Structures are given as C-alpha cells and as structure tokens.
2 protein chains.
Amino acid sequence: MPAGVRRPAAKTRNSVGAELSAGETEFIDFFVALARALRAPKSLGEIYGLLFASSEPRTFEGIVATLRISRGSASQGLRLLRTFGAVRVVYVAGDRRDHFVAETELRKLVTGFLSETALPQLEASAGRLDRIAERVPTKGVLHDRLQKLRSWERVGRQVLPLVGKLLG
Amino acid sequence: MPAGVRRPAAKTRNSVGAELSAGETEFIDFFVALARALRAPKSLGEIYGLLFASSEPRTFEGIVATLRISRGSASQGLRLLRTFGAVRVVYVAGDRRDHFVAETELRKLVTGFLSETALPQLEASAGRLDRIAERVPTKGVLHDRLQKLRSWERVGRQVLPLVGKLLG
DNA sequence: CGATTCGTTCAAAGATAAATGAACGTGGGA
DNA sequence: TCCCACGTTCATTTATCTTTGAACGAATCG
C-alpha cells in the first residue's frame, strides 16, 4: 500500500533534513502496523518507528517535520511513549531542545508496557472483586464464579513478573 | 404477535421480562470494564459477563432480551467470542436454538486469545521483515535494527507457547 | 407446501477516539 | 528587561469503530 506522499520540504532551520529513505519508511510502516495491532494510535507507531530507525537522537521539531504530523500529536505521542519507557530523552550539550531516542530492548519495552497497562488493571480488579463479593450470595453459582475470578487475579499477579524474566 | 400465553411456563421460552440480579449485574460490569481495558467492544464484555454468571446455557434470544442489545451486536459478539474459544455452543435435546455457555478456564481463554491475535501478527511480521530486508542496506544502522527486529520475532515465537504453560 | 422461528449480514446512525492547530506558559539569551 | 524558541494544552475537526435494525436465507414446524 502506498503511503508516503512527498511534499515540498518544510523550512527546516537546523535540525534534520526532513526526508525519509525507503528503508526508514519501511520501518515506520512496520511499527504503524504494530500500533494498529495493539490498538494504539497510528502516530505512536510513526514516532517510535522513526526513532527506532534513527542512528541519531531526534529533536521534537525534527520529528514533526519528518513525519508531517502536528505538534499536538507529537507531544502527546512522545509523552505516552515515555511513560511506557519506549522513548527516552537524552542530553545533548549546548542544545536546549529535547532529543529523543527509542528504547530497543524488548524486555524493557514489554515490562514497561505491562506495568503501565496490565498491572494497574490487576490492582483495580482486586477492589472490584471485593465489591462484587458484597452483592453475591455466599453460596451458589455466583459465589463459585467469584472464586474463579479471584483465582484468575491470583494467577495474573504471579505470571506478570515472570513474563519479564522469560524475555531476559 | 398475540399476547396470549400459549405455552406452559416450565421452560422459559420468553423473549421479554428477563431480569438481572444485582450480583449478575456486578459480574457484567466487571467484564465490561475488562473489555474496555482490552479495547474490545463493550458488547463483548456484556455477553461474556452474562454467560460467565449464568448457571444454565443461554439462548440467543435470551441474551438479546436480557442485555437489551440488538440482534446484530449479539450475533457479531458471539461470533468473535467463539473464535477466541471464550464461548461455546452446547447441544440441548429437543431445542433447535443455539445454547451458549462461557469457557471459564483461564488457560484456554488466554491461549485462544493469543492464538487468534498475537500469533497471526507474528506470522505476518516474518514476511514483512523479509520485505524490509529488500530495501535496506546490508550495512549500517538500518541493517542492525532489522536484526534487532528479527530477534524480537524469534523471542516472540519462543515465548508465546510458554505463556500457556505458565497458566496451567 | 406456506408460515414461522432462528440467526446472520450490512448499510446507516451513533458513539469514541485521534489529529490538528491556535493559544499558551516557560525559560534562555541578548 | 524583552523577545523568541520550545514544547504543551485543549477545543474543534476528522477519522474510526460500534451498534442498530431491516432485509435476508436456512431450517423447522404445522
């Protein structure tokens, strides 16, 4: 599927010349597909893909100019990626702008993602199950099913940390 | 449709008047929240939650009437749940209608979900990476990053089956 | 057979989520 | 100090996903 439409280059003050090679475009394409699979915004995939394929840190402006996305998208996407630990800001001497790089270690990516998504869910579940317990008979199907849910939660709590180890 | 009662009320063949207990509602609520967390349609959570909390198999009509959702939603939701192995159709003698029950074994649910979502993605990735290889230099950053992606894919392929075992 | 029940399909409506861009706060440099 | 580069925020627009319900085919019933 064709995607990239070349437009006259935006004025780029000093940061990177905003052109993508065919190879870089392929990487971005890959991560856009991955983002869709994870039901994340396309822009997350674009941003991460660009950084993943970059040898050098990228500035905010560089990202916006290269991907032709809005500043809003870039700002929000980068924030989310940082909370997952998928993107870091690195210091560059004598430049006050932020410089972004992708974290490429699979274990860190997965554990970061899980601890920001699955873990909070698990914790919320515990309280929710207590709430259910208050409205369910102490005998019968509903009671049995509640035990089942509790066992799910227990297993989840045990398995989550192990996933990280599997990827080490 | 005439309102006359033409049938003994022994087996509930009614399409209206289905009522949920407070306990059942709590279970449905739980699974609706879970569906949202998994970014699945709310109706999936409703349907699965209802079946999870049911001691008896439910008919299609029963589900539609109890949850007050459209036939379309019910049909599509049940289909998806069946492809994940989260819902099964059970045979009931002398009744031509489908009867649905929830699969409650965590290991089956997770492996069913993964083999319908993650596994196809992994397989699609393999081809995609070959495609990237054709457009990337045999040296340099892009080449290195492609190797990295290949290693991700390899790890994924090894880890996926293990997840099932962890849940046994 | 024809009538009825069962469940599916799909175009359209409705609901949600993502992207945009103007307005804004912050802080660095002259 | 003032000015401007940097990045964030958020109301609005746009895109995408979900739900609905009428139309439909298949299977069973009378």
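Use the structure listed above.
First, a word on scope: everything that follows refers to the structure included in this document. Values in this document were obtained by computation on a predicted structure and should not be read as measured data.

## Concerning the overall build of chain A
When its secondary structure is counted, chain A shows six helices and three strands. In chain A, the succession of α and β elements from N to C terminus is α-α-β-α-α-β-β-α-α. Here chain A holds 168 residues, and 39% of them are scored as buried. Long-range pairs, those at least 24 residues apart, make up 54% of the contacts in chain A between residues at least 6 apart in sequence. Approximately 9,700 Å² of chain A is accessible, and the part contributed by carbon and sulfur atoms is 53%.

## Examining the nonpolar core
By size, the foremost hydrophobic cluster in this structure holds 76 residues, and its most contacted members are A:Phe27, A:Tyr48, B:Phe27 and B:Tyr48. Here A:Phe27 is in contact with A:Gly49, A:Phe52, A:Ala53, B:Ile132, B:Val136, B:Leu142, B:Arg145, B:Leu146 and B:Leu149, once residues within four sequence places are set aside.

## Re the environment of A:Gly168
Secondary-structure assignment places A:Gly168 in the segment after helix 6 (141-167). Placed 61 residues apart in sequence, A:Gly168 and A:Arg107 show a C-alpha to C-alpha distance of 6.1 Å.

## Brief notes about the interface of chain B and chain A
Contacts between chain B and chain A engage 42 residues on the former and 42 residues on the latter. Summed over both partners, the interface of chain B with chain A buries about 3,800 Å², with 73% contributed by carbon and sulfur atoms. For chain B, the biggest contributors to the area lost against chain A are B:Glu26, B:Phe30 and B:Trp152; these three give 18% of the whole. Counting every contact that joins chain B to chain A gives six salt bridges. Across the pair B:Glu26 and A:Arg135 runs a salt bridge, and its minimum N-O distance is 3.7 Å. Our count for the contact surface shared by chain B and chain A stands at nine residue pairs in polar contact (both at pLDDT 80 or more). Contributions of two or more residues to the side of chain B that touches chain A are made by helix 1 (22-37), helix 2 (42-52), helix 5 (106-116), helix 6 (118-134) and helix 7 (141-167) of chain B. If you tally residues by element for the side of chain B that touches chain A, the top one is helix 7 of chain B, at 12 residues. In the side of chain B that touches chain A, the residues fall into 26 nonpolar, seven polar and nine charged.

## Considerations on the sheet that holds strand 1 (residues 58-59) of chain B
All names here are of chain B. Judged by pairing direction, the sheet is antiparallel, and its three strands sit side by side in the order 1-3-2 without closing on themselves. Strand pairing shows two members of the sheet lacking a second neighbour, strand 1 and strand 2 (87-90), which therefore form its edges. Where strand 1 lies against strand 3 (residues 99-102), two bridges are found, and the strand directions are antiparallel. Bridge pairing links Thr59 to His99 in strand 3. Contacting strand 1, strand 2 and strand 3, helix 2 runs over the sheet at an angle of about 85° to strand 3.

## A short note on the protein's contact with DNA strand D
Around DNA strand D, the structure places 19 residues, and the nearest of them are A:Ser75, A:Arg79, A:Arg97, A:Asp98 and B:Ser43. At the protein interface, 68% of the atoms of DNA strand D within 4 Å belong to sugar or phosphate. In the environment of DNA strand D, a base nitrogen lies 3.2 Å from a nitrogen or oxygen atom belonging to the side chain of A:Arg96. Within the backbone of A:Asp98, a nitrogen or oxygen atom sits 2.3 Å from a phosphate oxygen of DNA strand D.

## Focus on the pattern of salt bridges
Under the definition given, this model contains 24 salt bridges over all chains. Across the pair B:Glu61 and B:Arg71 runs a salt bridge whose closest N-O atoms are separated by 2.5 Å. On the criterion of sequence distance, the pair formed by B:Glu61 in helix 3 (residues 60-67) and B:Arg71 in helix 4 (residues 71-83) is long-range, its members being 10 residues apart. Using a relative accessible area of 23% as the deciding quantity, one classes B:Glu61 as partly exposed. Several salt bridges share partner residues, and in doing so they unite A:Arg88, A:Glu103, A:Glu105, A:Arg107 and A:Lys108 into one network.

## Re the sheet that holds strand 3 (residues 99-102) of chain A
All names here are of chain A. Spatially, 1-3-2 is the arrangement adopted by the three strands of the open sheet, whose pairing is antiparallel. One side of each edge strand has no neighbouring strand; the edge strands of this open sheet are strand 1 (58-59) and strand 2 (87-90). Those strands touched by helix 2 (residues 42-52) are strand 1, strand 2 and strand 3, and its axis lies near 85° from that of strand 3. With respect to the sheet, helix 4 (residues 71-83) is in contact with strand 2 and strand 3, its orientation differing from that of strand 2 by roughly 100°.

Quick notes on the rules
Residues numbered from 1 in each chain as written. Chains lettered and ligands numbered in written order. Predicted model: local features only at pLDDT ≥ 70, side-chain atom pairs only at ≥ 80, totals over all residues. Heavy atoms only, no water. Helix = DSSP H or I, 4+ residues; strand = E, 2+ residues; numbered from the N terminus. Buried < 20%, exposed > 50% of the residue type's maximum accessible area, 1.4 Å probe, protein only. Contact = heavy atoms within 4.5 Å. Areas by Shrake-Rupley, 256 points an atom, 1.4 Å probe, with all protein chains shown as cover. Core = buried A, V, L, I, M, F, W, Y, C linked by side-chain atoms within 4.5 Å. Buried area = accessible area lost by both parts, 1.4 Å probe. Salt bridge = Lys/Arg side-chain N within 4 Å of Asp/Glu carboxyl O. Polar contact = N/O pair within 3.5 Å; in protein donor to acceptor, adjacent residues only side chain to side chain. Nonpolar A, V, L, I, M, F, W, Y, C, P; charged D, E, K, R; others polar. Pairing = 2+ DSSP bridges. Axes fitted to C-alpha atoms, helices over the stretch in contact; angles between N-to-C directions. Near = heavy atom within 4 Å.

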